[in-house]
Amino acid sequence: MILGIETSCDETAAAVVRDDGRVLSSVVSSQADLHARFGGVVPEIASRRHLELVSPVVRDALSAADTPLDEIERIAVTQGPGLVGALLVGISAAKALAWARGVPLVPVDHLEGHVASLYLEPAPVEPPFTCLLASGGHTLLLAVHERGVSERLGTTLDDAAGEAFDKGARLLGLGYPGGAAIDRLAQEGDANAFDFPVARVPDLDFSFSGLKTALLYAVRDLGPVDTEARRADLAASYQRAIVRALVQRLHEAAEATGLVRLAVVGGVAANSELRAALPDAAFAPLELCTDNAAMVASCSRYVEPLPYPRYRDLDAYASIR
Ligand code: KG4
Ligand code: ZN
């Protein structure tokens, strides 16, 4: 029985997952509303909110799973990458719980965690596959050889795909985070109305920063009245450009690796156009695409646990490694 804890960004999450991959509970408390008026996550505010929420969220996860703390055999926690102050709240809570219960602690890489969202019941996806990880903070292509063993093929040179969605949403006045709002609005728009090209960069990398500038210019040229009238067309065309870039690179990556099975994880995997554009790919279930602790607990099954007291010095890391 594993208790997972995730606090890398603006979601405070805890989950109870069995070693066989069955999710007994997954509680996610989003702080998005708190950060919305700033147009993005404010690290210091995130840390403080995690501090208030982490104990109640853990308690909720245990009670929803009908599992008392003394039945937990392992504590899994996101170690990085993410906001260091936010990560430290989860890590401190995990250390305290592990220490108090005398159980091992398992540090989990957030990105590997997203991949491990595919290994949960009731429909686990088995490697090998070529995986696209697209979230608010990262865009990666991975060759996943077996559970817990992956190789990086490409990444973004500037903005992440989710970040591109969020910045586009901001330009269109859709609030933060904006990926889901663009997704909804795009369904009423014409994706061919505007030509938003995505920069081609060498190898299997991505670049999304030019796209955001193209949208900025389009909005400026239209002016406020026409922008308002054509918001759905702008959203649809913008989304189409991001999805095209992701799909194209994923196919190229699969060709390069020879791992023809495709999988998509991370917040952007919730996008309906991306899901429709890759009918044969495996997607994490919708509720496990955005940040959650079930994926962290899942991932911990493929990481060496740290027995007490070896986790006392465990520290967070901010950047991808
Ligand atoms: O994985 P995640 O929860 O957090 C990170 O690790 O970054 O991903 C959040 C990102 C945000 O940028 C959000 O706008 C995007 O996922 N997102 C979407 C959709 N739902 C969430 N992007 C496009 N379409 C969606 N339906
Ligand atoms: Zn994430």
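Residues numbered from 1 in each chain as written. Chains lettered and ligands numbered in written order. Predicted model: local features only at pLDDT ≥ 70, side-chain atom pairs only at ≥ 80, totals over all residues. Heavy atoms only, no water.

Asks: Can you break down the packing of aromatic side chains residue by residue, with the values?
Replies: This model, assessed by the stated rule, comprises 6 aromatic pairs. An angle of 90 degrees between the planes, with centres 5.7 Å apart, marks the rings of tyrosine 119 and tyrosine 302 as edge-to-face. Here the residue tyrosine 119 occupies a position in the loop between helix H4 (110-116) and strand E6 (129-134), and tyrosine 302 occupies one in the segment after helix H11 (294-300), the gap between them amounting to 183 residues. Judged by relative accessible area, tyrosine 302 falls into the partly exposed class, the value being 27%. (Phe/Tyr/Trp six-rings, centres within 6.5 Å; stacked < 30°, edge-to-face > 60°. Helix = DSSP H or I, 4+ residues; strand = E, 2+ residues; numbered from the N terminus. Buried < 20%, exposed > 50% of the residue type's maximum accessible area, 1.4 Å probe, protein only.)

Asks: For the side chain of asparagine 271, give the residues involved together with the corresponding values.
Replies: Position of asparagine 271 among the secondary structure elements: in the loop between strand E9 (262-265) and helix H9 (272-277). A polar contact of 3.0 Å, which involves the side chain of asparagine 271, links it to the backbone nitrogen of leucine 274. Beyond its immediate stretch of four places on either side in the chain, asparagine 271 contacts Phe165, Asp183, Gln239 and Val243. (Polar contact = N/O pair within 3.5 Å; in protein donor to acceptor, adjacent residues only side chain to side chain. Contact = heavy atoms within 4.5 Å.)

Asks: Break down the pairing of strand E7 (residues 139-146) for me, with residues and values.
Replies: The buried fraction of E7 is high, at 6 of 8 residues. With 6 bridges joining them, E6 and E7 adopt antiparallel strand pairing. Bridging from a neighbouring strand, leucine 132 pairs with leucine 141 of E7. Hairpin remark: E6 followed by E7, antiparallel, with 4 residues in the connecting loop. As judged from the 6 bridges shared by E7 and strand E8 (residues 149-155), these two strands associate in the antiparallel manner. For leucine 141, the partnering residue across the bridge sits in E8 and is glycine 154. Joining the antiparallel neighbours E7 and E8 is a turn of 2 residues, in which glycine 148 adopts a positive phi near 85 degrees. (Pairing = 2+ DSSP bridges.)

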